[in-house]
Amino acid sequence: MMIPISFIAGVLFLLSHLQRCPALSNGLARTPPLGFNGYNVFSCEGTETAYKAAAQSLISLGLLEAGYNRLNIDCGWQAINRTSDGTFAWNSTRYPSGIPFLSNFVHGLGLEFGLYSDAGFFACDDVGGTAHFIGSLGFEESDAKTFASWGADYLKYDNCYAVSPTDFVNPNPPIDLKPHYTAMANALATVQRPIVFSICEWGVQDPARWAPSIGNSYRIANDIGPPASFDNLFRIINQVVPITGFAGPGAWNDLDLLEVGNPGLTVDEQKTHFAFWAAAKSPLLVSTNLTNPSNTTLSILKNMNLLAINQDSLGISIGFKRRYANDHDVWAGPLSDGSTVVIVINMQTNARTITFNLFDAGFISAKVTDLWTGASVGNSNTSYGFKFHRDMTNLFAEILILSRRYTTQIAAHGSLALKLTDGVRAQEPSFTFYPASSPSNVLAGGASTRVVNNTATVVDFIGKGGTLTFQNVSGGTTGGSKLISVDYINADIAFTNTACSNCRNAFVSVNGATAVQAQFPLSGQSWDILYSGYLLEVAGFRPGTINSVEFSNPSAFAPDILRIGVAT
């Protein structure tokens with residue numbers, strides 16, 4: 001059974017919750033913050049000496065000139081007791097000259113100075129919660145005044161011990177965390193100093209839907225590390241999919257600190273990491289040892305083309321466009337000059353050639369610039385061919401024009417960072433839609449229906465024996481291969497890495513033919529938020545309305561399905 005598009009549009013509006021709350025209007029962070037944070041290199045063991053050296057390195061290495069204009073200290077600077085009058089205190093062993101001295105030193109170098117605190121009874125530490133560093137819960141007004149008096153320009157506000165003095169890290173807290181962060185935001189608004197407010201509640205209560213009005217950035221996921229790994233990147237990338245539209249000037253999705261320069265990622269994985277974070281408009285906070293960084297590390301961090309993408313005044317993140325499961329992702333977003341940035345990520349661990357279709361970014365032709373080199377690679381029609389291979393000595397993509405295809409050499413988990421200008425827009429495909437709950441469909445093996453928000457009916461428990469089969473689907477007049485659009489719900493959140501972190505797999509088969517894998521990222525953090533328009537190509541259609549389309553997964557659960565559309 002087909003369903004009227006007007007009805008579906010109403011369902012999508014009710015389920016998607018895409019209305020962005022107003023960004024914090026404190027006039028700060030109109031572009032994503034850039035700077036240094038020591039956590040990934042020092043953990044909670046940073047010292048006055050180490051942070052002074054890092055600040056000096058920002059100058060001597062040319063990072064300040066590139067835009068990295070702040071030095072933020074992370075956990076471990078705090079004492080374990082306040083002063084006798086209740087004032088926040090520092091660890092005098094690690095910071096013998098005091099925080100005001102360090103702040104003045106950093107400011108004297110022409111940098112801004114950032115502090116760390118916690119919205120809990122105690123702060124986070126790296127010794128299993130036993131350090132009991134001072135937290136700010138209940139002391140927001142006095143601590144905000146203290147931090148301002150010390151010259152803080154930035155405050156990272158963490159989430160340990162938020163529930164009770166005995167609950168160190170809780171990824172599913174039984175309390176509403178927003179009041180903790182609102183209290184500090186209100187306190188910062190009363191001090192006579194502009195302080196960028198960085199909310200770090202690890203993405204556990206979907207902060208993109210409430211934090212923009214109280215914070216200048218908000219962490220959207222659990223820590224990126226240490227240790228660094230591509231699995232961590234994949235987990236975070238999947239988590240940002242449904243919320244890219246919530247970021248903007250004054251309030252940014254924070255994908256966490258940079259791992260560029262740290263062990264655990266190949267050079268090309270680091271380039272993928274940096275390019276994606278930049279194009280997603282995440283704050284870019286260097287977090288590696290700056291004592292003797294490699295030329296490769298510096299060439300990545302100081303790529304002015306990608307830094308310009310990150311700092312673009314339009315402030316719109318790239319969005320998820322297409323995933324070819326276990327193959328490659330395509331992400332794209334607009335820029336203030338009318339051009340488009342595109343990130344293509346090779347998801348495989350081997351060297352290979354893939355094809356990027358301009359259509360996946362919404363175009364049929366465009367002029368293309370490689371953002372790593374700044375080189376123009378000419379006009380493009382229809383598609384590019386890309387060769388991914390391991391070449392640890394070549395820092396930049398080599399793009400050669402060959403007929404209507406471009407070939408580039410990048411390692412496993414490598415990526416392309418492209419700028420498209422003078423693009424000719426592709427016509428949006430039109431679809432015939434089929435609701436999953438249609439009585440003509442076949443639900444077997446435990447698959448069932450559930451009503452969402454008293455508005456729409458989805459099919460859940462697909463997988464582990466449960467199947468959903470759409471019946472009477474049109475293959476048009478020719479059959480063959482068809483583009484399918486899927487509207488789904490997946491709130492299977494991963495706080496740590498899993499086999500499919502923040503994603504669910506489904507296997508889609510037409511008329512019993514070999515199934516195509518579809519890998520669905522999060523749609524949101526509750527089971528009533530829909531993602532609309534996941535695209536995949538499936539072969540095996542026959543002419544006419546005699547086709548069946550089955551969703552299954554033999555070993556795990558697939559997402560809940562609202563409907564599919566078949567391109568006409």
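This text goes with the structure placed above it.
This report concerns the structure included in the present document.

Section: helix α9 (residues 267–279)
Within an α-helix, residues lying three or four positions from one another point in the same direction, as the helix has 3.6 residues per turn.
(1) Moving on: The first and last C-alpha atoms of α9 sit 18 Å apart over 13 residues, in line with the 18 Å expected at 1.5 Å per residue.
(2) Moving on: With 13 of 13 residues buried, α9 lies mostly within the body of the structure.
(3) Moving on: Just beyond α9, the residue with positive phi is K281, at close to 60 degrees.

Concerning the state of the cysteines
(1) Moving on: Scanning the model with the defined rule gives three disulfides in all.
(2) Moving on: In this model, C44 is linked to C75 through a disulfide, with the two sulfur atoms separated by 2.0 Å. Between C44 and C75, the S-S torsion sits near -85 degrees, and that sign places the bridge as left-handed. With a gap of 31 residues between them, C44 in the loop between α2 (39–42) and α3 (48–60) and C75 in the loop between β2 (70–72) and α5 (99–108) connect regions that are remote in the sequence.
(3) Moving on: Note that C124 is cross-linked by a disulfide to C160, the S-S spacing being 1.9 Å.

Notes on the sheet that holds strand β24 (residues 467–473)
(1) Moving on: One open sheet holds the five strands; their spatial order is β21-β24-β29-β26-β27, and the pairing between them is antiparallel. Unpaired on one side and paired on the other, β21 (442–444) and β27 (516–521) mark the two borders of the sheet. The average undirected angle you get between the axes of adjacent strands in this sheet is 20 degrees.
(2) Moving on: The pairing of β21 with β24 spans three bridges and is antiparallel. Residue pairing for β24: L443 is matched across the bridge by L468.

Notes on the sheet that holds strand β1 (residues 34–37)
(1) Moving on: Sheet architecture is open: eight strands sit in the order β7-β6-β5-β4-β3-β2-β1-β8, paired in parallel fashion. Only two strands of the sheet have a single neighbouring strand rather than two, namely β7 (252–254) and β8 (284–286). Here the strands of the sheet are splayed against their neighbours by 25 degrees on average, with no regard to which way each runs.
(2) Moving on: Summarising the sheet, strand β4 (residues 154–158) and strand β5 (residues 196–199) pair through four bridges and their orientation is parallel. Bridging across to β5, Y157 finds its partner in I199.
(3) Moving on: Strands β4 and β5 of the sheet are contacted by helix α7 (residues 178–190), whose axis makes an angle of about 165 degrees with β4.

Some details on helix α6 (residues 140–149)
(1) Moving on: Within α6, burial applies to E140, D143, A144, T146, F147 and A148.
(2) Moving on: Taken together, the buried residues of α6 touch β3 (112–118), β4 and α7.
(3) Moving on: One or two steps after α6, the chain reaches G151, where phi turns positive at roughly 90 degrees.

Observations concerning the nonpolar core
In a soluble, globular protein the nonpolar side chains are often hidden away together inside.
(1) Moving on: Counting 144 residues, the largest nonpolar core has Y68, F274, F276 and F551 as its most contacted members.
(2) Moving on: In this structure, F274 is in contact with Y68, L258, V260, L284, I300, L301, L306, L307 and W372, ignoring residues within four places of it in sequence.
(3) Moving on: The next biggest cluster of nonpolar side chains, apart from the first, holds 15 residues, and it includes A361, F363, V377 and L416.

A short note on the pairing of strand β11 (residues 340–346)
(1) Moving on: Among the seven residues in β11, seven count as buried, and that is most of the element.
(2) Moving on: Every second residue of β11 is oriented toward a common face, with T340, V342, V344 and N346 on one face and V341, I343 and I345 on the other, all of them buried.
(3) Moving on: Sheet analysis places strand β10 (residues 328–334) next to β11, joined by seven bridges and oriented antiparallel. The residue of β11 that forms the bridge with G333 is V341.

Let's talk about the layout of surface pockets
Regions of empty space are outlined by a rolling probe, equal in size to a water molecule, passed over the atoms.
(1) Moving on: In this structure, the largest pocket occupies an estimated 1000 Å³ of space.
(2) Moving on: Secondary structure elements with two or more residues in the lining of the largest pocket: β9 (319–324), β10 and β28 (531–541).
(3) Moving on: Per-element accounting of the lining of the largest pocket gives the leading share, five residues, to β28.
(4) Moving on: One number sums up the size of the second largest pocket: a volume of about 300 Å³.
(5) Moving on: Taken together, 24 residues form the lining of the second largest pocket, with Y39, C124, D125, C160 and D223 sitting closest to its centre.
(6) Moving on: Among the elements of the structure, α2 and β4 are those that each provide at least two residues to the lining of the second largest pocket.
(7) Moving on: Partitioning the lining of the second largest pocket into residue classes produces 12 nonpolar, four polar and eight charged.

Criteria and thresholds
Residues numbered from 1 in each chain as written. Predicted model: local features only at pLDDT ≥ 70, side-chain atom pairs only at ≥ 80, totals over all residues. Heavy atoms only, no water. Helix = DSSP H or I, 4+ residues; strand = E, 2+ residues; numbered from the N terminus. Expected span 1.5 Å × (residues − 1). Buried < 20%, exposed > 50% of the residue type's maximum accessible area, 1.4 Å probe, protein only. Disulfide = S-S within 2.5 Å. Pairing = 2+ DSSP bridges. Axes fitted to C-alpha atoms, helices over the stretch in contact; angles between N-to-C directions. Contact = heavy atoms within 4.5 Å. Core = buried A, V, L, I, M, F, W, Y, C linked by side-chain atoms within 4.5 Å. 1 Å grid on protein atoms, 1.4 Å probe; cavity = no way out; pocket = protein on both sides within 12 Å on 5 of 7 lines; lining within 4 Å. Points joined across faces, edges and corners; volume = space filled by probe spheres on them. Nonpolar A, V, L, I, M, F, W, Y, C, P; charged D, E, K, R; others polar.

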